[in-house]
Amino acid sequence: MPFEFQQLDIPDVILIQSQRFSDARGAFAETYKRSEFAAHGIPEFVQDNLSQSVRNVVRGLHYQSPPRAQGKLVMALRGEVFDVAVDIRRGSPTFGRWVGVRLSSEPLTMLYIPAGFAHGYCALSDEADVLYKVTDEYTPELDRGILWNDPDIGIRWPVQHPILSAKDERLPRLKDADIPFFYDPPSI
């Protein structure tokens, strides 16, 4: 099995490590295999996005509302990022809590973030290329977000002076955000 799947402090968010095979020619790694991901409860993806950032760029916290909510599989193809998922499912025992991990291309680590979570990241290297696969297509009118440094969430970002988009600077706090997600407890 070329993948290792690890649940984080918020169990629905999964850290995935891919096995890399290297030789004199370079390296090879699988980044997605439908059968293995499905066996771990991860749905199929329908769109890929590539984001390029310079050091200290913070993107997020973003999510897309139903009926086109998106789960994401995030990986750093070049460089390193601090990647964050925030639980925004009303009624969840972890509502408003966050998990953050460093993603890099060496070793190739990925983060699966299901729908119902806000997502963001900070570029830690001089340049970072981030690929993320999503479970539904981008729909601008359903695009939403939460302020990256909302004190009620308390993310410990590894940057003192972030570079932000004008859009991300104006996002609402969690308590004021349009949150249409509700926690569906697992059946026993």
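Just so it is clear, the structure is predicted and the values come from calculations on it, not from any experiment. (Residues numbered from 1 in each chain as written. Predicted model: local features only at pLDDT ≥ 70, side-chain atom pairs only at ≥ 80, totals over all residues. Heavy atoms only, no water.)

Student: Requested: an account of the packing of aromatic side chains, with residues and values cited.
Tutor: All told, the structure shown has 10 aromatic pairs when counted by the stated rule. The interplanar angle of 70° and the centroid separation of 6.0 Å between the aromatic rings of Tyr63 and Phe181 together place this pair among those described as edge-to-face. Remark: Phe181 occurs in the segment after α2 (166–169) and Tyr63 occurs in strand β6 (residues 58–64); sequence separation between them is 118 residues. Given the relative accessible area of 7%, Phe181 is considered buried. When the centroid spacing of 6.0 Å and the interplanar angle of 80° are considered together, the rings of Phe82 and Trp157 count as edge-to-face. Here Trp157 lies in the loop between β13 (143–145) and α2 and Phe82 lies in strand β8 (residues 80–87), a separation of 75 residues in the sequence. Judged by its relative accessible area of 10%, Phe82 falls in the buried class. Accessibility expressed as a relative area gives 11% for Trp157, which makes it buried. Taken together through their ring pairs, the aromatic side chains of Phe3, Phe5, Tyr32, Phe37, Phe45 and Tyr112 make up a single cluster. (Phe/Tyr/Trp six-rings, centres within 6.5 Å; stacked < 30°, edge-to-face > 60°. Helix = DSSP H or I, 4+ residues; strand = E, 2+ residues; numbered from the N terminus. Buried < 20%, exposed > 50% of the residue type's maximum accessible area, 1.4 Å probe, protein only.)

Student: Describe the sheet that holds strand β2 (residues 14–18), and please don't skip the residues or the numbers.
Tutor: Judged by pairing direction, the sheet is antiparallel, and its 6 strands sit side by side in the order β1-β2-β10-β7-β12-β5 without closing on themselves. In this open sheet, the two edge strands, each paired with only one partner strand, are β1 (3–7) and β5 (47–54). The sheet shows a mean angle of 25° between the axes of neighbouring strands, taken without regard to direction. (Pairing = 2+ DSSP bridges. Axes fitted to C-alpha atoms, helices over the stretch in contact; angles between N-to-C directions.)

Student: Tell me about the pairing of strand β11 (residues 117–123), and name the residues and values.
Tutor: Successive side chains on a regular strand alternate, one facing one side of the sheet and the next facing the other. In terms of burial, β11 is a largely internal element, 7 of the 7 residues being buried. Side chains Phe117, His119, Tyr121 and Ala123 project from β11 onto one buried face, and the interleaved Ala118, Gly120 and Cys122 project onto a second face that is buried too. Bridge count between β8 and β11: 7 bridges; the pairing is antiparallel. Paired with Phe82 across the two strands is Cys122, which belongs to β11.

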